[in-house]
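Chain residues, written in single-letter form:
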Amino acid sequence: MRVKVIEKEVIDPLGETVVDKIKIIPVPSKINKISYFNNTKPNADVILAAVAESLNKEGKNVEKPAGAGATEEQLKDAAGADLSIIAVGDCGSCSTWVILDAIRLEKEGIPTISICSDNFMDYARSLAKSHGADDLRIVEIKHPISGQEEENVREKAAETIKEIKKLLNID
Amino acid sequence: MNNKKVDNACGCSIEDLLKENAEDGEQRLCKAAESDMEVYVDPDPEKLSYEFYMKKQTDGLPIIPPTGERVRRFIEFSGKNRDDIIAVLPPRSGKATVEKIAVNSIMAGCIPQFMPVIQHSIKAVSHPNFNLPGVTATTHPVAVCTILNGPIAGEISINSGAGCLGPGNIANATIGRAMRLCLINIGGAVPGIGDHATMGSPSKYSYCFGEAENENPWEPLHVERGFKADESTVTVMGLDSPHNVNDHRSKTAEDLLDTIIDTASVAGCNNSHVPGEMLVIMSPEHAKTVADDGWNKKDIKKYIHENALVPVELGDRGGRKLDPKWVTGGKVQITRKPEDVVVVVAGGPGRHTMIAHGFGTSSESVTEAMRLADGTPASSVFDFKK
């Protein structure tokens, strides 16, 4: 007698993913006005102020929540510019909503640059990818940001500003 | 082609023609031979648990193998089709189909009758107000707490009595675990990859209980939220792990609530800089003390809301900037309004309450009624069975 023992198959627990590609809006050749979208995380204002000083363009400051999405009103406010720079993703929920709000703005036709700390960069990129925004512009700043002295944050922001200038084709 | 002599009468020599290396010691069984048999066995749970663990598809505990037959039995209790999508879960935008919810529920050790509860809980966490993208990814140790009300809670014997937040009951232990496995495997909430909790929390293993409606001197949670008493609901809340409030001596509502308020008014919670919901689970004995003093739920909520305060210099140390509108007289209110104080009654004998802070302004609890596909309320999990 021959007996063949076969283990029953199991079903994969992973869910299939939904991906709708998002069109990333190109950075315009001429930028007159930038919205600085501040999620009120500690030192987000310092980073954005350093970027604003360096770019020297007309700017508007808009605040949004850190761990949740911007309200429609806040989003509309941030969309009232040629470009929006969003800071800062240096934790799980704030990185999530920097990226998701950036995607919301891109969908509205506003080009964005998101700033996340290097510790959350892989996550930020994979989140953008899982939303079909593979080419979302995300620049890095050295972790940690919270609980740091302003001078230290400004030093860190200097490297980030170089990256932003590259994206904007500014020398 | 091999030269092995086979009895062609049974017709299975066609397999030899189709296989190039059939002679390589392969034990081909003959369908016509009574002496040959194939035996199907369940996968070895130890081996499979390890395999799934290595792929980061478990919470670290052993799992029940999600075989096709088990999945079929679970889907029977869903009232839906295998491929129906209940929600899309962040961060990886995974489709929570009935099948995938079943697979993860089996792995968690659930029984098929729990399917409607888990499906509705998944639907509830996907409500935009719950902010699952934030709740899942945050460095804060917020976990998903599921509270059951109504007849189905009793039918599946969820523990709402002694030890309801601890071990010992299959519904409490596995429904919360199924939720977590769905978040991990469908949503991608893998610790350190999609879930960035700095330390996480034991509540992320399972966090599910029922309200002790029979011992509640006030209306239960689902009735307070506009559902009928005989409707079954799941309420999901994003919460810290619960903190005990031991008060054996208070004889008045005010004294007892002051102990609760003092336990709740702490600087390190999310609510201290972004005020939001807070869960208060009163034991029947505590609830009785307060109710016997003539206080209703509204009174409790108002009193806790007005008096749960944190000094602003301590409260304003969290991740987000404190909005000055929450500050009065140098103190921050940890709830935005009396309704943010969510009061339920559960637990066994003893004079204890549990409080759990929420995720501040970044998550609102959601109550979902368990209804059939045509919208009629379900009074039994068997109503879902096709």
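Residues numbered from 1 in each chain as written. Chains lettered and ligands numbered in written order. Predicted model: local features only at pLDDT ≥ 70, side-chain atom pairs only at ≥ 80, totals over all residues. Heavy atoms only, no water.

Trainee: Got a minute to help me understand the overall build of chain A in this structure?
Mentor: When you go through chain A residue by residue, the secondary structure sums to five helices and six strands. When the elements of chain A are put in sequence order from the N terminus, they spell out β-β-α-β-α-β-α-β-α-β-α. The C-alpha radius of gyration computed for chain A amounts to 20 Å, which surpasses the reference 16 Å derived for 171 residues by more than 25%, pointing to a less compact arrangement than a globule. For chain A, the spread of C-alpha atoms along the principal axes amounts to about 85 × 35 × 30 Å. For chain A, the proportion of contacts with a sequence separation of at least 24, taken over those separated by at least 6, is 77%. Approximately 8100 Å² of chain A is accessible, and the part contributed by carbon and sulfur atoms is 46%. Charged side chains in chain A number 23 positive and 29 negative. The centres of these two groups are separated by 5 Å. (Helix = DSSP H or I, 4+ residues; strand = E, 2+ residues; numbered from the N terminus. Rg over C-alpha atoms; globule rule 2.2 N^0.38 Å. Contact = heavy atoms within 4.5 Å. Areas by Shrake-Rupley, 256 points an atom, 1.4 Å probe, with all protein chains shown as cover. Lys, Arg positive; Asp, Glu negative; His and termini not counted. Charge placed at Lys NZ, Arg CZ, Asp CG, Glu CD.)

Trainee: Where do I start with the packing of helix α3 (residues 92-107) of chain A against helix α4 (residues 121-130) of chain A in this structure?
Mentor: Two numbers describe a pair of packed helices, the interaxial angle and the distance between the axes. Residues and elements named next belong to chain A. Two elements in contact, α3 and α4, have axes whose closest approach is 10 Å; the angle formed by their N-to-C orientations is 40 degrees. With respect to their mutual orientation, α3 and α4 come out oblique. For the pair α3 and α4, the sense of crossing is right-handed. On the side of α3, the interface is formed by Gly92, Ser95, Thr96, Ile99, Leu100 and Ile103, while α4 contributes Tyr123, Ala124, Leu127 and Ala128. (Axes fitted to C-alpha atoms, helices over the stretch in contact; angles between N-to-C directions. Parallel < 35°, antiparallel > 145°, perpendicular 65-115°, else oblique. Left-handed = near helix turned anticlockwise from the far one by under 90°.)

Trainee: How should I be thinking about the sheet that holds strand β4 (residues 143-149) of chain B in this particular structure?
Mentor: Backbone-to-backbone hydrogen bonds pair the strands of a sheet. The strands run either parallel or antiparallel. All names here are of chain B. With mixed pairing, four strands are arranged side by side in an open sheet as β5-β4-β6-β14. In this open sheet, the two strands that pair with only one neighbour each are β5 (208-210) and β14 (366-369). For this sheet the average axis-to-axis angle between neighbouring strands, irrespective of direction, equals 20 degrees. Packed onto the sheet, helix α5 (residues 115-125) meets β4, β6 (233-239) and β14 and runs at close to 50 degrees relative to β6. (Pairing = 2+ DSSP bridges.)

Trainee: Is there a simple way to think about the side chain of Thr112(A) in this case?
Mentor: Residue and element names in this part refer to chain A. Locating Thr112 in the fold gives a position in strand β5 (residues 112-117). Residue Thr112 is classed as buried on the basis of its relative accessible area, which comes to 0%. A polar atom in the side chain of Thr112 sits 2.7 Å from the side chain of Glu106. (Buried < 20%, exposed > 50% of the residue type's maximum accessible area, 1.4 Å probe, protein only. Polar contact = N/O pair within 3.5 Å; in protein donor to acceptor, adjacent residues only side chain to side chain.)

Trainee: Please explain the interface of chain A and chain B as it appears in this structure.
Mentor: Note on interface size: it is often stated as the accessible area lost on association of the parts. Contact with chain A, which involves 36 residues of that partner, is made by 52 residues of chain B. Carbon and sulfur atoms supply 59% of the area buried between chain A and chain B, which totals about 3700 Å² over both sides. On the chain A side of the interface with chain B, the three residues burying the most area are Arg2(A), Ile11(A) and Pro13(A), jointly 20% of the side's total. The partner of Lys321(B) in a salt bridge is Glu63(A), with the nearest N and O atoms 2.9 Å apart. The interface formed by chain A and chain B includes 23 residue pairs in polar contact (both at pLDDT 80 or more). Among the secondary structure elements, those contributing two or more residues to the side of chain A that touches chain B are β1 (2-7), α3 and α4 of chain A. Here β1(A) pairs with strand β1 (residues 36-41) of chain B via six bridges, running parallel. Of the residues in β1(B), the one forming a bridge with Ile6(A) is Tyr40(B). (Buried area = accessible area lost by both parts, 1.4 Å probe. Salt bridge = Lys/Arg side-chain N within 4 Å of Asp/Glu carboxyl O.)

Trainee: Is there a simple way to think about the pattern of salt bridges in this case?
Mentor: Pairing between side chains of opposite charge can happen when the charged atoms of each approach one another. All names here are of chain B. Evaluation of the coordinates by the stated rule reveals 37 salt bridges over all chains. In this structure, Lys301 and Glu224 form a salt bridge, with 2.8 Å as the shortest nitrogen-oxygen distance. Taken together, the residues span a long stretch of sequence, with Lys301 in helix α12 (residues 297-307) and Glu224 in helix α9 (residues 221-224) at a distance of 77 residues. We classify Lys301 as buried; its relative accessible area is 7%. By relative accessible area, Glu224 is classed as partly exposed at 29%. Within the structure, one salt-bridge network assembled from shared partners comprises Glu69, Arg72, Arg73, Glu76 and Lys385.

Trainee: Any chance you could explain the layout of surface pockets here in plain terms?
Mentor: To find leftover empty space, one rolls a probe the size of a water molecule over the atoms. Residues and elements named next belong to chain A. Its volume calculated, the largest pocket comes out at about 1100 Å³. Residue lining of the largest pocket: 44 residues in total, with Pro65, Ala68, Gly69, Ala70 and Trp97 positioned closest to the centre. Considering every element that reaches the lining of the largest pocket, the biggest residue donor is α3, with four residues. A breakdown of the residues in the lining of the largest pocket according to their chemical character gives 21 nonpolar, 14 polar and nine charged. (1 Å grid on protein atoms, 1.4 Å probe; cavity = no way out; pocket = protein on both sides within 12 Å on 5 of 7 lines; lining within 4 Å. Points joined across faces, edges and corners; volume = space filled by probe spheres on them. Nonpolar A, V, L, I, M, F, W, Y, C, P; charged D, E, K, R; others polar.)

Trainee: I'm lost on the sheet that holds strand β11 (residues 331-333) of chain B in this one. Help?
Mentor: Residue and element names in this part refer to chain B. Strand order in the open sheet made by the three strands is β9-β11-β10, with antiparallel pairing throughout. Edge strands, defined here as strands with exactly one partner in the open sheet, are β9 (309-311) and β10 (327-328). Pairing geometry for β10 and β11, over two bridges, is antiparallel. Within β11, the residue paired with Thr328 across the bridge is Lys331.

Trainee: How do you make sense of α3(A) when you look at a structure like this?
Mentor: Helical periodicity: at 3.6 residues per turn, an α-helix aligns residues three or four positions apart in one direction. Residues and elements named next belong to chain A. Its 16 residues give α3 an end-to-end C-alpha distance of 23 Å, which sits within 8% of 22 Å, the value for a rise of 1.5 Å per residue. Among the 16 residues of α3, 14 are classified as buried, and the element is accordingly described as predominantly covered. Of the residues trailing α3, Gly109 is marked for its positive phi of about 95 degrees. (Expected span 1.5 Å × (residues − 1).)

Trainee: I'm lost on the packing of helix α2 (residues 72-79) of chain A against α3(A) in this one. Help?
Mentor: All names here are of chain A. In contact at an axis separation of 10 Å, α2 and α3 are set at 60 degrees when each is read in the N-to-C sense. Seen along the crossing, α2 lies across α3 with a hand that is right-handed. On α3, the residues touching Glu72, Leu75, Ala78 and Ala79 of α2 are Asp101, Arg104 and Leu105. Split into classes, the residues belonging to the contact of α2 with α3 amount to four nonpolar, no polar and three charged.

Trainee: Where do I start with the packing of aromatic side chains in this structure?
Mentor: Aromatic rings in a pair are described by how distant their centres are and how their planes are angled relative to each other. Residue and element names in this part refer to chain B. The tally for this structure, following the rule as stated, stands at two aromatic pairs over all chains. The interplanar angle of 75 degrees and the centroid separation of 5.3 Å between the aromatic rings of Phe77 and Phe382 together place this pair among those described as edge-to-face. A residue pair is termed long-range when its members are at least 10 positions apart, and Phe77 in the loop between α3 (68-76) and β2 (85-89) and Phe382 in the segment after β14 qualify at 305 residues. In this structure Phe382 comes out as partly exposed when scored by relative accessible area, which is 46%. The interplanar angle of 90 degrees and the centroid separation of 5.4 Å between the aromatic rings of Trp295 and Tyr303 together place this pair among those described as edge-to-face. For Trp295, a relative accessible area of 17% gives the class buried. Under the relative-accessibility criterion, Tyr303 is labelled buried at 16%. (Phe/Tyr/Trp six-rings, centres within 6.5 Å; stacked < 30°, edge-to-face > 60°.)

Limitation: the analysis is restricted to geometry and does not speak to function.
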